[in-house]
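What follows is each chain in one-letter form.
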Amino acid sequence: MDKIKHKILVLSGKGGVGKSTVSSQLALYLSHIGKKVGLLDIDLCGPSIPKMLGVENKEVHKSSSGWIPVYRDETQNLGVISIQFLLDKSDTPVIWRGPKKNSMIKQFIEDVCWGELDYLIIDTPPGTSDEHISVTEALLKHNPDGAILVTTPQAVSVSDVRKEISFCKLLGLPIIGIVENMSGYVCPHCSECTNIFSSEGGKLLAEQTNIPFLGKLPIDPYLTACSEKGVNYFKEYPNSSTLSALKTFVETF
Ligand code: ADP
């Protein structure tokens, strides 16, 4: 952990708001520009990072000094650790109570040989439960940068992110900022953005709570397709508005 410059948790109140998408695209973008990145998936019951990065059939190995991450390609710029790599079959469910989850997460934090990294990004399940308490407590020993909070613009998602803010404050985890995902729809034909859901919810929350607003990511069908296929969105669509939104928000921290 001490060889890792930046440690960032990605949190959201609800599932399906794009937390894994933001985590994986952030990791892909940073590794694409030459940074050394680790992506740790602690969504034990619904791990989607291996699929989103196109490494779901790979296996993780354990050496005498700990687990060796799965690398996406030969550059070894992007290493991944997920419970998915430890399951016998892709559809095996993880049905664990708190203590077992806690011990798994502790091992993920202490026993992975990441080597020197510029960024460790940690994707979490939705909410403020066992996984979140364990990872936050373990990370706080290693000086984390803090949490990125992901929300969609609607009030139902924003109100749950308020709980994440209280969680971070209670545990003493700094908040890097808020990302508003699925903020408008980008037409695949003309690239115009239409606000299908309400808009500005994440931005308003950031203003009300004095937390930095990192930016908006539109609903982009190409982004969905890339996440489905584990393809690097940035290589495929270097001129998309989603990429410029992501670049803007990466540059703010
Ligand atoms: P979470 O991790 O919060 O549960 P996911 O990242 O798995 O959410 O996203 C849920 C679904 O929505 C996925 O199929 C993902 O590809 C899609 N998705 C997320 N954000 C976007 C976006 N900005 N544009 C298009 N599809 C998106």
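Keep in mind the model is a prediction, meaning the values are calculated, not measured.

## Comments concerning the UniProt feature "binding site: [4Fe-4S] cluster" (unreviewed entry) in the protein chain
Phase 1: The positions UniProt marks with the feature "binding site: [4Fe-4S] cluster" (unreviewed entry) are Cys187 and Cys190.
Phase 2: If you trace the backbone, Cys187 turns up in the loop between β9 (175-186) and β10 (193-194).
Phase 3: Among the secondary structure elements, Cys190 is positioned in the loop between β9 and β10.
Phase 4: With 6 C-beta atoms packed within 10 Å, Cys190 lands in the exposed category.

## Structural notes on the packing of helix α5 (residues 155-171) against helix α6 (residues 201-209)
Phase 1: α6 packs onto α5 with a crossing angle of 35° between their chain directions and a minimal axis gap of 10 Å. Where α5 crosses over α6, the handedness of that crossing is right-handed. In this structure, α5 contributes Ala155, Val158, Val161 and Ile165 to the contact, and α6 contributes Gly201, Gly202, Leu205 and Thr209.
Phase 2: Of the residues in the contact of α5 with α6, the class split is five nonpolar, three polar and no charged.

## Structural notes on helix α3 (residues 98-110)
What sets the pattern is the α-helix's 3.6 residues per turn: residues three or four places apart point alike.
Phase 1: Compared with the 18 Å implied by 1.5 Å per residue over 13 residues, the 18 Å span of α3 between its first and last C-alpha is a close match.
Phase 2: Residues of α3 that are buried in the fold lie against β2 (37-41), β6 (78-82) and α4 (130-140).

## Focus: the nonpolar core
Soluble, globular proteins show a tendency: their nonpolar side chains are buried together.
Phase 1: Counting residues in hydrophobic clusters, the biggest one holds 59 residues, and the most contacted among them are Ile121 and Ala147.
Phase 2: Among residues more than four places away in sequence, those in contact with Ile121 are Ile8, Val10, Ser23, Leu26, Ala27, Val37 and Leu39.

## Details of the site of the ligand
Phase 1: Within the structure, the ligand sits among 17 residues, and Gly18, Lys19, Ser20, Thr21 and Ser227 are positioned closest to it.
Phase 2: Tallied by class, residues from the shell around the ligand come to five nonpolar, 10 polar and two charged.

What counts, and where the lines are drawn
Residues numbered from 1 in each chain as written. Predicted model: local features only at pLDDT ≥ 70, side-chain atom pairs only at ≥ 80, totals over all residues. UniProt positions renumbered as here; feature names shortened; annotations may be inferred. Helix = DSSP H or I, 4+ residues; strand = E, 2+ residues; numbered from the N terminus. Buried ≥ 20, exposed ≤ 12 C-beta atoms within 10 Å, placed from the backbone. Axes fitted to C-alpha atoms, helices over the stretch in contact; angles between N-to-C directions. Left-handed = near helix turned anticlockwise from the far one by under 90°. Contact = placed C-beta atoms within 7 Å. Nonpolar A, V, L, I, M, F, W, Y, C, P; charged D, E, K, R; others polar. Expected span 1.5 Å × (residues − 1). Core = buried A, V, L, I, M, F, W, Y, C linked by C-beta atoms within 7 Å. Near = placed C-beta within 6 Å.

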